[in-house]
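Results of the structural survey
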Amino acid sequence: MKQSRVGIMDPNTNPDARGRRSSMAAPSQINEFGGKSKTTIKPANQLQLTPEELKEEFTRVLTAVNPQAPKNQVQFSNNALKFVSKPCDEGTLILFTQKGYLLDVNSPEAQYQIRMDAANAPPPGGANEDGADEQNANDESREGDGEIQGAGEPKATSDDAEAVNVDQSEEAGEAEKPAEDGADNAEGMPGPPKKKLPNAFNFCERASQTMNQMLKEAAVETQPPPRSTLSSNVNAWSIYDTYQSNFEQQQQEKLQAQGKAHPKPPAPKPVHVSLERKDEQEIIKVSRQSRTVERIVNQNTYDEIAQDFKYYEDASDEFKEKEGTVLPLWRFSFDPVKKLAVTDICWSETYSDLFAATFGSYNFLGQSYGQVCLYSLKNPTYPEYHLSTSSGVMCVDIHQTYPHLVCIGMYNGTVSVLSLQTQGREPVCLSKTVKGRHADSVNKVRWGPDNMDGNHNFYSVSADGRVINWQLVQSELRLTEVTSLGMPEVKNEGPDGTVIPVRGCGSTFAFHRTDPSVFLVGTEEGNVYRCSTTYSSSFLSAFSAHMQSIYSISWNFYHTGIFATCSADWTVKIWQQDVSSPLFVFDLAAPVGDVAWAPYSSTVFAASTIDGRIHIFDLDIDKYRPICCQAVIDMKKTRMTRVSFSLAHPIVLVGDERGNVTSLKLSPNLRKKPKEAKNADAKRLFEIEQEKIEKLLSIVREPAA
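For the rest of this paragraph, the subject is the overall build of the protein. Scanning the protein for helices and strands turns up 9 helices and 32 strands. In the protein, buried positions account for 33% of the 705 residues. Summed over its atoms, the accessible surface of the protein is roughly 47600 Å², and 52% of this surface lies on carbon and sulfur atoms.

Turning next to the sheet that holds strand 26 (residues 592-597). Strand order in this open sheet of 4 strands is 26-27-28-29, and the pairing throughout is antiparallel. Since the sheet does not close on itself, it has two edges, and those belong to strand 26 and strand 29 (628-631), each with one partner. Mean inter-strand twist for the sheet, computed between neighbouring axes without regard to direction, equals 15°. Across 5 bridges, strand 26 lies against strand 27 (residues 604-609) in antiparallel orientation. In the sheet register, valine 592 faces strand 27, and the bridge partner there is threonine 609.

What follows concerns the packing of aromatic side chains. Summed over all chains, the structure comprises 23 aromatic pairs. On the numbers, 5.8 Å between centres and 25° between planes, the contact of phenylalanine 355 with tyrosine 375 is stacked. Residue phenylalanine 355 is found in strand 5 (residues 354-360), and its partner tyrosine 375 is found in strand 6 (residues 370-376); the two are separated by 20 residues along the sequence. The same class applies to phenylalanine 355 as to tyrosine 375, namely buried. With a centroid separation of 5.3 Å and 40° between ring planes, the pair formed by tyrosine 558 and phenylalanine 686 is classed as tilted. One end of the pair, tyrosine 558, is in the loop between strand 22 (550-555) and strand 23 (562-567); the other, phenylalanine 686, is in helix 9 (residues 682-701), and 128 residues separate them in sequence. Under the relative-accessibility criterion, phenylalanine 686 is labelled partly exposed at 34%. Three or more aromatic residues joined by ring pairs make a cluster, and in this case those are Phe584, Phe586, Trp597, Phe605 and Phe617.

Glancing now at the pairing of strand 12 (residues 442-448). For strand 12, a buried count of 5 out of 7 residues is recorded, marking the element as mostly surrounded by other parts of the structure. Bridge analysis of strand 12 against strand 13 (residues 457-462) gives 6 bridges, and the strand direction is antiparallel. Bridging across to strand 13, valine 445 finds its partner in serine 460.

What follows concerns unusual backbone geometry. Phi is positive for leucine 81, close to 60°, though the residue is something other than glycine. Even without being a glycine, aspartate 578 presents a positive backbone phi close to 70°. Tracing the backbone through its elements, the reader meets aspartate 578 in the loop between strand 24 (571-576) and strand 25 (584-587).

Looking now at the nonpolar core. Judged by nonpolar contacts, the single largest core of 20 residues is most densely connected at Val326, Ile614, Ile616, Val632, Phe645 and Leu666. Residue assignment for this core shows that the elements contributing at least two residues are strand 27, strand 28 (613-618), strand 30 (640-645), strand 31 (651-656) and strand 32 (661-666). Sorting elements by how many residues they give to this core places strand 30 first, with 3 residues.

Taken as a whole, this structure holds 14 salt bridges when the rule is applied. Among the salt bridges present, the one from arginine 671 reaches glutamate 313, with a minimum N-O distance of 2.6 Å. Of the two residues, arginine 671 sits in the loop between strand 32 and helix 9 while glutamate 313 sits in the loop between helix 8 (303-311) and strand 3 (326-332), which places them 358 residues apart along the sequence. For arginine 671, a relative accessible area of 22% puts it in the partly exposed group. On the basis of relative accessible area, glutamate 313 is assigned to the partly exposed category, the value being 38%. Between lysine 692 and glutamate 689 there is a salt bridge whose closest N-O contact spans 3.2 Å. Here lysine 692 and its partner glutamate 689 are both found in helix 9, 3 residues apart, which amounts to about one turn of the helix.

What follows covers the confidence of the model for the protein. With 76% of its residues at a pLDDT of 70 or more, the protein has an overall mean of 79. Counting interchain partners and residues more than four positions distant, the pLDDT-below-50 stretch residues 126-137 has 1 contact. Confidence drops under a pLDDT of 50 for residues 269-275, and excluding neighbours within four residues, the segment shows 1 contact in the predicted structure.

The antiparallel open sheet is built from 4 strands, whose spatial order is 12-13-14-15. Strand pairing shows two members of the sheet lacking a second neighbour, strand 12 and strand 15 (477-484), which therefore form its edges. With strand direction ignored, the average angle separating the axes of adjacent strands in the sheet is 25°.

Turning next to the state of the cysteines. On inspection of all chains with the given rule, the structure shows 0 disulfides. In this structure cysteine 346 is a free cysteine whose sulfur lies 8.3 Å from that of cysteine 407, the closest cysteine sulfur available. Free of any disulfide, cysteine 395 has its nearest cysteine sulfur in cysteine 407, 7.5 Å distant.

Quick look at a nonpolar patch on the surface now. Nonpolar side chains collect at one region of the surface, where Val74, Phe76, Leu81 and Phe83 lie side by side and expose about 470 Å² of accessible area between them. By the secondary structure assignment, phenylalanine 76 is in strand 1 (residues 74-77). By relative accessible area, which is 43% here, phenylalanine 76 ends up partly exposed.

For serine 549, the position within the fold is in the loop between strand 21 (541-544) and strand 22. Of the residues examined, serine 549 reaches a relative accessible area of 15% and is grouped as buried. Not counting residues up to four positions away in its chain, the partners in contact with serine 549 are Ser507, Thr523, Glu524, Cys566, Ser567 and Ala568.

Take the environment of valine 396 next. One can find valine 396 in strand 8 (residues 393-398). The buried category is assigned to valine 396, whose relative accessible area is 2%. Residues valine 396 and cysteine 407, 11 residues apart in the sequence, show an inter-C-alpha distance of 5.8 Å. Leave out the neighbours within four places in its chain, and valine 396 touches Asp344, Cys346, Ala356, Thr358, Val372, Val406, Cys407, Ile408 and Val445.

Moving on: the side chain of aspartate 622. With respect to the element layout, aspartate 622 can be found in the loop between strand 28 and strand 29. Separated by 3.0 Å, the side chain of aspartate 622 and the backbone nitrogen of tyrosine 624 make a polar contact.

Cut-off values and rules
- The numbers attached to residues start from 1 for each chain and follow its sequence in the written order.
- This being a predicted model, a pLDDT of at least 70 is required before a residue's local features are given, and a value of 80 or more before pairs of side-chain atoms are given or counted; all residues contribute to the totals for chains, interfaces and linings.
- Side-chain measures were taken over the full set of non-hydrogen atoms in the model, leaving aside hydrogen atoms and water.
- Elements are defined by DSSP. Helices are runs of H or I of four residues or more, strands are runs of E of two residues or more, and each kind is numbered from the N terminus.
- Classification of residues uses two cut-offs on accessible area relative to the type maximum, computed with a 1.4 Å probe and protein chains only: under 20% is buried, over 50% is exposed, and between them is partly exposed.
- All accessibility values rest on the Shrake-Rupley procedure with a 1.4 Å probe; residue burial counts only the protein chains present in the view.
- Should DSSP find at least two bridges between two strands, the strands are taken to pair.
- Throughout, an axis means a line fitted to C-alpha atoms (over the contacting stretch in the case of helices), and angles, computed between N-to-C directions, take values from 0 to 180 degrees.
- Note on aromatic contacts: the rings of Phe and Tyr and the six-membered ring of Trp form a pair at centre separations within 6.5 Å, being stacked when their planes are under 30 degrees apart, edge-to-face when over 60 apart, and tilted otherwise.
- For our purposes a nonpolar core is just a set of buried Ala, Val, Leu, Ile, Met, Phe, Trp, Tyr and Cys residues, chained together by side-chain atoms within 4.5 Å.
- By convention in these notes, a salt bridge is any Lys or Arg side-chain nitrogen within 4 Å of a carboxyl oxygen on Asp or Glu.
- Values of pLDDT, the confidence the predictor places in each residue, fall between 0 and 100.
- In what follows, a contact means two residues having at least one pair of non-hydrogen atoms within 4.5 Å.
- Note on terminology: disulfide denotes any pair of cysteine sulfur atoms within 2.5 Å.
- In this scheme, patches are assembled from residues that exceed 30% relative accessible area and form no salt bridge. Like charges are connected within 9 Å, while nonpolar side chains (Val, Leu, Ile, Met, Phe, Trp, Tyr) are connected within 5 Å.
- Any N or O atom pair separated by 3.5 Å or less is treated as a polar contact, with the protein-specific requirement of one donor-capable and one acceptor-capable atom, and with residues adjacent in sequence counted only for side-chain atom pairs.

Structure below.
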């Protein structure tokens, strides 16, 4: 039996008819699979090979590996936090897989099946009878098939007859082989007869089509569940209160589990508080939190300006060695002071971001009210503290040691002390009822060191020509006249020849930075008086500094004998103590409202003019002209009044006559430090600045020598 031959057969074809057709075909035209063979034609140009060349074998190994596939692929591993090698794909693709039940006749499984079938076979006698019965049944079935075929179909052709004969001859041959095998077994030892294996390749496929069940779709509509919208605000204190209540509940449950009842807290006694007082207390409780929220909102609103304040540096300074610029940052404004002028600006020495600004009017006929505001760089939209007064506020100063104490001077000659720690906004002390107070506008105030009794005191200068020391004693102000600005060179004779003493109108003053007992006073006549708090009978010395009123005097931070003055005569002058002639004179072509030395350099100072320009000088770079002259305020709308350097940040504040305070950031060229100052401590930096100003003074004094 040839089990290795595989044939392809149409399922609708009768196997007997196929056998008859194959037996009737010509031997030369039928191949081993029962089909017609193809006739090959040898081409004329075919290569002729010798038998040795035909017998030569060429081995080719075919694999499923794709040589073009990449073998060095990597991928990022989140677990190892690095790139690892990726296993290469084999390139094998399985297109079809099906389990089979055919066994090779020579395989161990087929041999085992043959032995099992032989062991389970019936006895030989019964087998022959059964075989005869089966043969008779097959013959009857064949005859029945023939009859049916003859009745319903045309008669078989000669080819079909030959195919039937061939099948019968093959079956006869196969029947003889088992007989011969049985004879051999009879000669040797008896054995079980071998069962004929069915031909697994001669099969029929039958199929039937049944009715498919129809798909049904069932849907049920129900009422929607009820919905509700819940919203709540979460903040820090609500989270804290929730955690506290949860913790107390857990502690109560623990005590109950242990059999101990938690004692209830005693009921608080009712406190009778008026409604107005209660509302005020509630406002005070949330004032701090509301200020914090306001600062956060403003920081988000002015985020770009805050980034410029902290990180921006003008890159164009690299190409301009002797020039610099200022960058406008925040503008501090308050609606009640839009019609008032900025009369003074003072920085807090304790809090680097806090400064005070006063608002009033320089016009004698236009006096109405005044305002004092304390601003923070963290909140440019609204002042941290503000107080309205009945008269214009002309000057302000913040205490160096106690920053909550603020003293102010007003246009009507009144001085006042404010405390930022009190809940109300009323002044702590007021000089309205003090006998001997100023009779004219107070133009400058300055806190002094505490006296021997430990009482706070401050000084004031007024247009009435007097300098007064004020002491705070048990919430009261007590005055002491320090000096009077007499003018002996001016003689004012009456009708009867009586000489009436004339006093100078004090416009400003400045205390020495190292010796608090020495101060300079500037007058509207252009004179500068050198006075002392120790000798109150008269001033120490006086000299004529300007042709018109002096608006401001500023001492140098690093040199104890250098100060600057500015006046309405368009000039800024640099002076040395005990020298009657100025060291430098700068004409700015407009009245100069204020002058201030920079706290970071001994040779840098700034001046503001009423035409809206700020002039910044660095005497170490250029002794004749400013290194920055920039318009920061529109001259057609308003005029600039004040200028002040920050003590900690590279910014400068300027005020105008419309109640606006503008902050300006200095470019790197305006705050350039010498090479020796790099990586130097504060003491060494102070010595370097002193050497720089001394070198400048030695150059200026050479022509006079």
